[in-house]
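Commentary on secondary and tertiary structure
Listed below are the residues making up each chain.
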Amino acid sequence: MSKKTIAVVGATGAQGGGLVRAILADPSGGFAARALTRDPSSAKAKELAKLGAEVVAANVNDVDSLRRAFQGAYGAFCVTFFWEHFSADKEKAEARAMAQAAKDAGVKHVIWSTLEDTRKWLPITDTRMPTLQGKYNVPHFDAKGEANAFFSEVGVPTTFLNTCFYWDNLIHFGSGPKKGPDGKLAFVLPMGDKKLPGIAAEDIGRCAYGIFKRPDLIGKTVGIAGEHLTGAQMAAALSKALGQEVVHNAVPPDVYRGFGFPGADEMGNMFQFKADFEEQYCAARDLAFSRSLNPQLQTFAQWLSVNKDRIPLG
Ligand SMILES: NC(=O)c1ccc[n+]([C@@H]2O[C@H](COP(=O)([O-])OP(=O)(O)OC[C@H]3O[C@@H](n4cnc5c(N)ncnc54)[C@H](OP(=O)(O)O)[C@@H]3O)[C@@H](O)[C@H]2O)c1
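My aim in this report is to walk through the structure given alongside it, one point at a time. (Residues numbered from 1 in each chain as written. Predicted model: local features only at pLDDT ≥ 70, side-chain atom pairs only at ≥ 80, totals over all residues. Heavy atoms only, no water.)

With respect to the environment of A186
- Relative to the helices and strands, A186 resides in strand β9 (residues 185-188).
- In the structure, A186 is positioned 80 residues away from G106 in sequence and 50 Å away in space, judged by C-alpha atoms.
- Apart from the residues within four sequence positions on either side, A186 is in contact with P177, K178, V246, V247 and N249. (Helix = DSSP H or I, 4+ residues; strand = E, 2+ residues; numbered from the N terminus. Contact = heavy atoms within 4.5 Å.)

Topic: the nonpolar core
- Counting 93 residues, the largest nonpolar core has F70 and F300 as the members making the most contacts within it.
- In terms of residue count, helix α5 (residues 88-105) provides more of this core than any other element does, seven residues in total.
- If near-sequence neighbours (up to four positions away) are discounted, F300 is found in contact with W167, L170, E227, L229, M234, A237 and L238. (Core = buried A, V, L, I, M, F, W, Y, C linked by side-chain atoms within 4.5 Å. Buried < 20%, exposed > 50% of the residue type's maximum accessible area, 1.4 Å probe, protein only.)

Description of the state of the cysteines
- Enumeration over the complete set of coordinates arrives at zero disulfides.
- Unpaired in this structure, C78 has its nearest cysteine sulfur neighbour in C207, at a distance of 17 Å. (Disulfide = S-S within 2.5 Å.)

What to know about the environment of L304
- Along the chain, L304 falls in helix α14 (residues 300-307).
- In this view, L304 contacts A237, L238, A241 and I311; residues no more than four positions away in its chain are not counted.

Concerning the sheet that holds β9
- The strand order β8-β9-β13 describes an open sheet built from three strands, whose pairing is mixed. The sheet terminates laterally at β8 (178-179) and β13 (246-249), the two strands that pair on one side only.
- Sheet topology note: the β8/β9 ladder contains two bridges and is antiparallel. Directly across from K179, in β9, lies its bridge partner L185.
- Of the strands in this sheet, β9 and β13 touch helix α9 (residues 231-242), which is tilted by about 160° from β13. (Pairing = 2+ DSSP bridges. Axes fitted to C-alpha atoms, helices over the stretch in contact; angles between N-to-C directions.)

A look at helix α8 (residues 201-212)
- An ideal rise of 1.5 Å per residue puts 16 Å on 12 residues; α8 measures up with 18 Å between its terminal C-alpha atoms.
- The buried fraction of α8 amounts to 10 of the 12 residues, a majority that puts the element mostly inside the structure.
- For α8, the complete set of buried residues consists of A201, D203, I204, G205, C207, A208, Y209, G210, I211 and F212. (Expected span 1.5 Å × (residues − 1).)

Overview of a nonpolar patch on the surface
- Residues V255, F259 and F261 make up a contiguous nonpolar surface patch of about 250 Å² in total accessible area.
- Tracing the backbone through its elements, the reader meets F259 in the loop between α10 (253-257) and α11 (264-276). (Patch = residues over 30% accessible without salt bridge, like charges linked within 9 Å, V, L, I, M, F, W, Y side chains within 5 Å. Areas by Shrake-Rupley, 256 points an atom, 1.4 Å probe, with all protein chains shown as cover. Salt bridge = Lys/Arg side-chain N within 4 Å of Asp/Glu carboxyl O.)

Some thoughts on the sheet that holds strand β7 (residues 165-166)
- Read across the open sheet, the three strands follow the order β7-β10-β12; overall the sheet is mixed. What marks the edges here is a single partner per strand, and that holds for β7 and β12 (227-230).
- This element, α9, spans β10 (195-199) and β12 of the sheet and lies at about 95° to β12.

Observations concerning the packing of α5 against helix α6 (residues 139-154)
- Viewed as axis vectors pointing N to C, α5 and α6 meet at an angle of 25°, and their least axial separation amounts to 9 Å. Taken together, α5 and α6 sit at an angle that is classed as roughly parallel. Here the hand of the crossing between α5 and α6 comes out right-handed. Across the interface between the two elements, A88, E91, K92, A95, R96, M98, A99, Q100 and K103 from α5 touch P139, H140, A143, K144, E146, A147, F150, F151 and V154 from α6.
- Considered class by class, the residues forming the contact of α5 with α6 number 10 nonpolar, two polar and six charged. (Parallel < 35°, antiparallel > 145°, perpendicular 65-115°, else oblique. Left-handed = near helix turned anticlockwise from the far one by under 90°. Nonpolar A, V, L, I, M, F, W, Y, C, P; charged D, E, K, R; others polar.)

Focus on α6
- For α6, which comprises 16 residues, the first-to-last C-alpha distance of 23 Å matches the rise-based estimate of 22 Å (1.5 Å per residue) to within 8%.
- Within α6, the full set of buried residues consists of P139, H140, F141, D142, A143, K144, G145, A147, F150 and F151.
- Where α6 terminates, the next one or two residues include G155, which has phi positive at roughly 80°.

Section: the site of the ligand
- Taken together, 25 residues lie around the ligand, and T12, T37, K144, Y166 and N169 are the ones closest in.
- G13 is positioned such that a nitrogen or oxygen atom in its backbone is 3.4 Å from an oxygen atom of the ligand.
- Within the contact set of the ligand, an oxygen atom lies 3.4 Å away from a side-chain nitrogen or oxygen of E91.
- In isolation the ligand has 930 Å² of accessible area, and contact with the protein removes 83% of it. (Near = heavy atom within 4 Å. Polar contact = N/O pair within 3.5 Å; in protein donor to acceptor, adjacent residues only side chain to side chain.)

If you want it as structure tokens, here you go:
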């Protein structure tokens, strides 16, 4: 029987890369991976081709290129790239182009990698956090959540996948422990004693692979996480893995927003939202369900055991 092709947006990146590797690691699973990239000649693209992926050129800004790349595919994994441009409006345009292209190509199962529109829970008129980009609490959440409607409106069969904080942010996103004036390492997480759902980025793609094997999840919204941990629990796990004390620094969200790095206001709002709506946000990311999609799902300690030496300790 011929394999079902999954076209993977962001295949050279974290989420899409995990999915391509999950498909290729299961040669008898009945699926083939088509990796979308802007540059098939890049080293990362060539690496995926070497592993057995079909590599095709596409750009999420160009709906025709997406249509061609999705043609003949059974499934499409759709993800946007907020941190490339920091624009909610651009992110929505990217999502709209992917939804339209998937519909036009007759894709049977789309996974849209999304997040909640926080404004459904926290009206924009609420004054606890600054409004960003004119109409958002957390632009990269709200834009994704708003974009859910594009997939429903065009009528493409879609699973809405709510992802969560990558622990890999400790390596690549400057979220790792930093040395304070007292010489001690501090892990900054402005969420008090509230729990942060987190995941190894590679596990998002593995969970997505599990979803493609479950057509009953079409039309459903699902959420995934590897663990729900407080900042203190994460600091304790970091201390153990690194062999030196890491303290949790629970600065208030206002202080975090003032840190001044690009996106600090956005991240401050995001963490405040996750803390204020801890119960609902965690409940939307059930751990047993995530593990049912991906039996290899890592805990934070497991992720640290493999990745601890890659975390820059500033
Ligand atoms: N960091 C977190 O904790 C976290 C948590 C939840 C959700 N997210 C969301 O995850 C999304 C990013 O996903 P990711 O982390 O998997 O991305 P990533 O690792 O940064 O990878 C992005 C990949 O996308 C490709 N790309 C960039 N612009 C493109 C374009 N215009 N057209 C086609 N491909 C393009 C690039 O590949 P080529 O150069 O090969 O084209 C790149 O390898 C963001 O929207 C973010 O909000 C992040």
